[in-house]
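Geometric and topological summary
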There are 2 protein chains.
Amino acid sequence: MTAIRGARERARSEITEAIKAEARAQLAAEGAAKLSLRAVARELGMASSALYRYFPSRDDLLTALIVDAYNAIGEAAERARDRCGAATASPVDRWTAICTGVRAWALAHPHEYALIYGSPVPGYRAPRTTTEPAARVGLALIGVVRDAHAAGALKEPAEPLPDPVVADALALGAELGIELPGTVLARLVGAWAQLFGLLSFELFGQFRNVIEARTEFFEQAALQLARSVGLTTPR
Amino acid sequence: MTAIRGARERARSEITEAIKAEARAQLAAEGAAKLSLRAVARELGMASSALYRYFPSRDDLLTALIVDAYNAIGEAAERARDRCGAATASPVDRWTAICTGVRAWALAHPHEYALIYGSPVPGYRAPRTTTEPAARVGLALIGVVRDAHAAGALKEPAEPLPDPVVADALALGAELGIELPGTVLARLVGAWAQLFGLLSFELFGQFRNVIEARTEFFEQAALQLARSVGLTTPR
DNA sequence: CCGAAGCAAGAGCACTGCTCTCGTTGGTGT
DNA sequence: ACACCAACGAGAGCAGTGCTCTTGCTTCGG
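Throughout what follows, the structure given in this document is the object of discussion. Bear in mind the structure is a predicted one, so any value in this text is a computation, not a measurement.

All right, on to the nonpolar core then. Counting residues in each nonpolar core, the largest one holds 147 residues, and the members touching the most others are Trp95 and Phe196 of chain A together with Trp95 and Phe196 of chain B. A per-element tally of this core places helix α9 (residues 182-203) of chain A first, with 14 residues.

What follows deals with the relation of the copies chain A and chain B. Here chain A sits on chain B after a turn of 180° about the axis and a move of 0.0 Å along it, with an RMSD of 0.1 Å. A rotation of that kind, with that shift, is consistent with a two-fold axis. Identified as the residue of chain A closest to the rotation axis by C-alpha distance is Gly197 of chain A, at 1.6 Å. Interface residue correspondence from chain A to chain B reaches 96%, placing this contact among same-surface, isologous pairings.

Quick look at helix α10 (residues 214-228) of chain A now. Note that an α-helix has 3.6 residues per turn; residues three or four places apart therefore point the same way. In a regular helix each residue adds 1.5 Å, so 15 residues correspond to 21 Å; α10 of chain A covers 21 Å between its end C-alpha atoms and thus fits that length. Among the residues of α10 of chain A, Phe217, Phe218, Gln220, Ala221, Ala222, Leu225 and Ala226 of chain A are the ones counted as buried. Turning to α10 of chain A, the residues buried within the fold contact α4 (91-108) and α9 of chain A together with α9 (163-176) and α10 (182-203) of chain B. Of the residues one or two after α10 of chain A, Gly230 of chain A is the one with positive phi, at around 105°.

Listed per partner, the contact involves 46 residues of chain A and 48 residues of chain B. The contact between chain A and chain B buries some 4000 Å² in all, and 62% of this surface belongs to carbon and sulfur atoms. When residues of chain A are sorted by the area they lose upon contact with chain B, Asp168, Gln194 and Phe201 of chain A head the list and together hold 13% of the total. Joining chain A to chain B, the criterion identifies two salt bridges. Measuring nitrogen to oxygen at the nearest pair gives 2.3 Å for the salt bridge that ties Glu159 of chain A to Arg227 of chain B. One can count eleven residue pairs in polar contact (both at pLDDT 80 or more) joining chain A with chain B. Contributions of two or more residues to the side of chain A that touches chain B are made by α5 (110-117), α8 (163-176), α9 and α10 of chain A.

Let's shift gears to the protein's contact with DNA strand C. Neighbouring residues of DNA strand C: 22 residues in total, closest Arg12 of chain A together with Leu37, Arg38, Arg42 and Arg58 of chain B. Near the protein, meaning within 4 Å, the atoms of DNA strand C are sugar or phosphate in a fraction of 49%, with bases accounting for the rest. At 3.0 Å from a phosphate oxygen of DNA strand C is found a side-chain nitrogen or oxygen belonging to Tyr54 of chain A. In this structure, a phosphate oxygen belonging to DNA strand C sits 3.3 Å away from a main-chain N or O atom of Leu35 of chain B. Of the residues contributing to the surface near DNA strand C, the split by class is nine nonpolar, five polar and eight charged.

For the rest of this paragraph, the subject is the environment of Ala114 of chain B. Relative to the helices and strands, Ala114 of chain B is located in helix α6 (residues 110-117). Once the C-alpha coordinates of Ala114 of chain B and Ile66 of chain B are considered, the two residues, 48 residues apart in sequence, prove to be 9.9 Å apart. Sequence-distant contacts of Ala114 of chain B, defined by excluding residues within four places in its chain, comprise Ser119 of chain A together with Ser119 and Phe204 of chain B.

Residues and elements named next belong to chain A. Along the chain, Val145 falls in helix α7 (residues 136-150). Expressed as a C-alpha distance, the spacing of Val145 and Arg128, which sit 17 residues apart in the sequence, is 27 Å. Once you skip the residues sitting within four places of it in the chain, Val145 turns out to touch Trp95, Leu154, Leu180, Val184, Leu188, Val229 and Leu231.

Moving on to unusual backbone geometry. For Asn209 of chain A, which is not a glycine, the phi torsion comes out positive at approximately 65°. Positionally, Asn209 of chain A belongs in the loop between α9 and α10.

Near DNA strand D, the surroundings consist of 22 residues, among which Arg38, Arg42 and Arg58 of chain A together with Arg12 and Arg53 of chain B are the closest. Near the protein, meaning within 4 Å, the atoms of DNA strand D are sugar or phosphate in a fraction of 45%, with bases accounting for the rest. A distance of 2.6 Å separates a phosphate oxygen of DNA strand D from a polar atom in the side chain of Arg12 of chain B. Here a base oxygen of DNA strand D sits 2.7 Å away from a polar atom, N or O, in the side chain of Ser49 of chain B. Counting residues per element, the ones that place at least two in the surface near DNA strand D are α1 (6-30) and α2 (37-44) of chain A together with α1 (6-30) and α3 (48-51) of chain B. Taken together, the residues of the surface near DNA strand D sort by class into nine nonpolar, five polar and eight charged.

Quick notes on the rules
Residues numbered from 1 in each chain as written. Chains lettered and ligands numbered in written order. Predicted model: local features only at pLDDT ≥ 70, side-chain atom pairs only at ≥ 80, totals over all residues. Heavy atoms only, no water. Core = buried A, V, L, I, M, F, W, Y, C linked by side-chain atoms within 4.5 Å. Buried < 20%, exposed > 50% of the residue type's maximum accessible area, 1.4 Å probe, protein only. Helix = DSSP H or I, 4+ residues; strand = E, 2+ residues; numbered from the N terminus. Least-squares fit on C-alpha atoms with pLDDT ≥ 70 in both. Contact = heavy atoms within 4.5 Å. Expected span 1.5 Å × (residues − 1). Buried area = accessible area lost by both parts, 1.4 Å probe. Salt bridge = Lys/Arg side-chain N within 4 Å of Asp/Glu carboxyl O. Polar contact = N/O pair within 3.5 Å; in protein donor to acceptor, adjacent residues only side chain to side chain. Near = heavy atom within 4 Å. Nonpolar A, V, L, I, M, F, W, Y, C, P; charged D, E, K, R; others polar.

Shown next as C-alpha cells:
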C-alpha cells in the first residue's frame, strides 16, 4: 500500500467519500428510511447502477455510514474529554464532559444518532467492523473511571451484585485489559446504557410535554450516573 | 352508537382488525421498514387499493400499530404490577415487577418495541392519540412511588436539583394530579428513560459480547433505579 | 502494444405506496 | 317498495425503489 497508488484508486476513494457525503446529507434531510441509492446517484450526476461499483447494496452503504457515525460520536466523546483539561479536571468533570459532548453530537446529528442507537435496520446484522467503533464512547467512560480508581478517587459501591453479572463484568474487564472491581464495571455498563436511554428519549421526542429544561435535566442525570459508578466529587 | 350497528360496521371493524393482525405478523417477521401494504392485502386476499378504505396511508397503519403497542406494553406493566400482590408487596417489589413485566413484553415483541422506542419511522410525527397510551408505563411507575410516599416509605433524595428541572417536574406532577416532591418526580422521569435505555441496548444488540447474564443484570439495574427514586427496601 | 481489469451507462425486472376510475352492494329515508 | 347514496372491492396505472445484466469505454500492468 504505497502512498501514491495510481490515479484510479485515488478517484475511487474520492468518489466513495462523495457518495457517503451525499448519503449523509440525505440522511440528515429525510432519515434512514428515505435514503435512496437512486437519489444519491442522481445528485452526483451518475447512473444508479454505477453506484454498485462502490457499495454492493444499500445496506452496505448504511453500514459504512454506521461505522462513520460510531467513529464520529466516539471522537466527539474523546474530544470533549480532552478539551475539559484532562490533567487538571476531576473525574466527575471529565465524566460529565463526555456525556455532554455525546449529547451535543447527538443533537447536531439526530438522524445519524438514530441510525446507530435507534431500531436496527431491517434484516441487518451488525458486521464485525462496527463493534470496535461502537465501543469508543464506552471506552472513554471506562477510562475516566479507571483513572479515578488508580488515583484512589473511586468509592466502590457497597451493595453486592449477582454473581453472573460480576463474572460478565470481570470477563469484560479482562478482555479490555482494565483493572477495575467487577461491581464497578457492571455499574459502568448500566450507566452506559442508561446514558443513551436519556439521549434516545430526548431525541425521539419522548420528553415532549414532560421535561422542557432538557440540558439541565441531562446534566443532572449525567452527574447522577457518575455517582452510581463510584465517582466522587472532591471537595 | 348502538351495540348492533349493522353488518357493515361490524365487517369494517373486523377487517380493520384483520389488517392490523396481518400487519403485526409481518412486523414480527421482517420489521417495520419491510411492512408492505400490498403484501398485507395479498395475504388477506384483497386488492391493495381496497386497503386504503381502512387506512389512508401506510403511516396511518403504522400509527395504529404504535398505539396498540403502547397499550400492550402499558397493559403488560399494569398486569405485572397487579399480579405480584399489589396490596401485600413492597413498593420496591412492585417497581421491579413492573420493570421485569415490561422487559418480558419487549423480549416477546421486539419489533413492536422497536416501533415505539426505536427511531421514529414515519417521518417524525406523534399524533395526539399516541401520547396517552405512551404514558401508561410511566404512570404505573409513578403510581408505585406515589403509594410509597403516601405510606411514608419514601426517602426523598437529599441532593438538590437545578431549579428549572424541579419546576418542570412539579408542573408534570400538577398535570397528572400527583402529590410528590419535585426532586422525586424528576428522578422518576430519569429512571423511566434509563429503564428503556437498558431495554433498548439489550434488544438492539448493544450488549452482545458485553453482558450475557442479561436477566440478572437487568433486575439489578431495575432495583438500582428503584433506589434512585427513593424507594427503600423494608427489612 | 495488447489484453485484462475497472468503470459508467442504459435497459429491464420485480417490487413499493398511492390515485383514479369503474361496477357493485348495503343501509336508509320517503 | 322504491330510490338514492355512501361505502366498498377490484383493476389499471403512475412514479418511484433496489438490484441485475449487458454493452461499450478507459486505464493500467506486463
